[in-house]
Amino acid sequence: MGEYYHTKESVEEYIHLAKDVNGRQLINQLEQVLPKKSTLLEIGSGPGTDWNILNKIYTVTGSDNSAKFIDHLTSNNPNGEFLELDAVTLNTDKKYDGIFSNKVMHHLTDDQLTGSIKRQHEILNDKGVLCHSFWKGEGTEIFKGMFVNYHLEEEIRKFFEPLFEILFLDSYAEFDAGDSILLIGRKN
Ligand SMILES: C[S@@+](CC[C@H](N)C(=O)[O-])C[C@H]1O[C@@H](n2cnc3c(N)ncnc32)[C@H](O)[C@@H]1O
């Protein structure tokens, strides 16, 4: 695990860099298939920008594998529920109606992603829904000391379709046309 996202300095830097970015358009799509007030686990809540939007719609639990981000989330949202969870092991006994992440799963290797998808299937209720965004592209790189795994739509389909019905899979623009992919799937 790299240091970025795990030191006070990098967490403060990331909060500043990401202050104008949010997942509103992804959450609009999620709302088409996951009813309001459903229970939802967010993986990699980070600064909590998406958590704040989700919290107004769903019964949301935030999570992150960075203790620094969990401290930040807890002190900014004293009434919120936050768990220190890794995206691969998802070590929780609770089950959810939905799972959401925005630009988190690209930190996993292919094998880790396969393991995470299996765990997500286990912790979703029947017909549960997932919604994840990815950076679109090919290959891997180390960015600010962090592993980044790029994907194309067809790869994402192959990872998820053994366990999930693909409801939506398309590219969208975070910064530039087609730089990102959104997946929405339903547990088989
Ligand atoms: C791009 S930020 C997410 C921002 C978030 N969507 C928001 O609204 O502010 C990525 C987050 O994923 C977390 N992360 C990275 N690898 C992770 C892993 N293996 N398990 C859980 N969280 C992870 C990082 O600590 C960071 O908080």
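Preceding this paragraph is the structure being described.
Thresholds applied
Residues numbered from 1 in each chain as written. Predicted model: local features only at pLDDT ≥ 70, side-chain atom pairs only at ≥ 80, totals over all residues. Heavy atoms only, no water. Core = buried A, V, L, I, M, F, W, Y, C linked by side-chain atoms within 4.5 Å. Buried < 20%, exposed > 50% of the residue type's maximum accessible area, 1.4 Å probe, protein only. Helix = DSSP H or I, 4+ residues; strand = E, 2+ residues; numbered from the N terminus. Contact = heavy atoms within 4.5 Å. Polar contact = N/O pair within 3.5 Å; in protein donor to acceptor, adjacent residues only side chain to side chain. Phe/Tyr/Trp six-rings, centres within 6.5 Å; stacked < 30°, edge-to-face > 60°. Near = heavy atom within 4 Å. Areas by Shrake-Rupley, 256 points an atom, 1.4 Å probe, with all protein chains shown as cover. 1 Å grid on protein atoms, 1.4 Å probe; cavity = no way out; pocket = protein on both sides within 12 Å on 5 of 7 lines; lining within 4 Å. Sits in = over half its atoms within 2 Å of the grid points. Nonpolar A, V, L, I, M, F, W, Y, C, P; charged D, E, K, R; others polar.

Undergrad: What am I meant to see in the nonpolar core here?
TA: Generally speaking, a soluble globular protein has its nonpolar side chains buried in company with each other. The biggest cluster of nonpolar side chains holds 24 residues, and the ones touching the most others in it are Leu 41, Ile 43, Phe 160 and Leu 183. Counting only elements with at least two residues in this core, the list comes to strand E4 (96–102), helix H5 (110–123), strand E5 (124–135), helix H6 (153–160), strand E8 (164–172) and strand E9 (180–187). What Leu 183 contacts, discounting residues up to four positions off in sequence, is Leu 130, Cys 131, His 132, Phe 134, Ile 156, Phe 160, Ile 166, Phe 168 and Leu 169.

Undergrad: Is there a simple way to think about the side chain of Thr 61 in this case?
TA: Relative to the elements of secondary structure, Thr 61 occurs in strand E2 (residues 59–64). By relative accessible area, which is 4% here, Thr 61 ends up buried. Here the side chain of Thr 61 touches Glu 81 through a polar contact of 3.3 Å, side chain to side chain. Once you skip the residues sitting within four places of it in the chain, Thr 61 turns out to touch Leu 40, Leu 41, Glu 42, Trp 51, Glu 81, Leu 83 and Tyr 96.

Undergrad: Would you mind showing me how to read the packing of aromatic side chains here?
TA: For any two aromatic rings, the description comes down to two numbers: the centre-to-centre distance and the angle of the planes. Under the counting rule described, the total for this entry stands at 8 aromatic pairs. Ring geometry for Phe 134 and Phe 160: centres 6.3 Å apart, planes at 70°, overall edge-to-face. Note that Phe 134 is positioned in strand E5 and Phe 160 in helix H6, a separation of 26 residues in sequence. Ring plane angle 15° and centroid distance 6.1 Å describe the contact between Trp 135 and Phe 175, whose orientation is recorded as stacked.

Undergrad: Please explain the site of the ligand as it appears in this structure.
TA: Taken together, 22 residues are adjacent to the ligand, and Tyr 14, Gly 46, Asp 50, Asp 64 and Ala 87 come closest. Measuring from a nitrogen atom of the ligand, one finds a side-chain N or O atom of Asp 86 at 3.2 Å. Note that a nitrogen atom of the ligand is positioned 3.4 Å from one of the backbone N or O atoms of Asn 102. Relative to its unbound accessible area of 600 Å², the ligand is 92% covered by the protein chains. Here the ligand occupies the largest pocket. When the residues that make up the shell around the ligand are grouped by side-chain class, the tally is 8 nonpolar, 9 polar and 5 charged.

Undergrad: How should the side chain of Ser 180 be read in this particular structure?
TA: By secondary structure assignment, the location of Ser 180 is in strand E9. Residue classification places Ser 180 among the buried positions, given a relative accessible area of 0%. With near-sequence residues (within four places) excluded, Ser 180 lies in contact with Lys 103, Phe 134, Trp 135, Lys 136, Asp 170, Ser 171, Tyr 172 and Glu 174.

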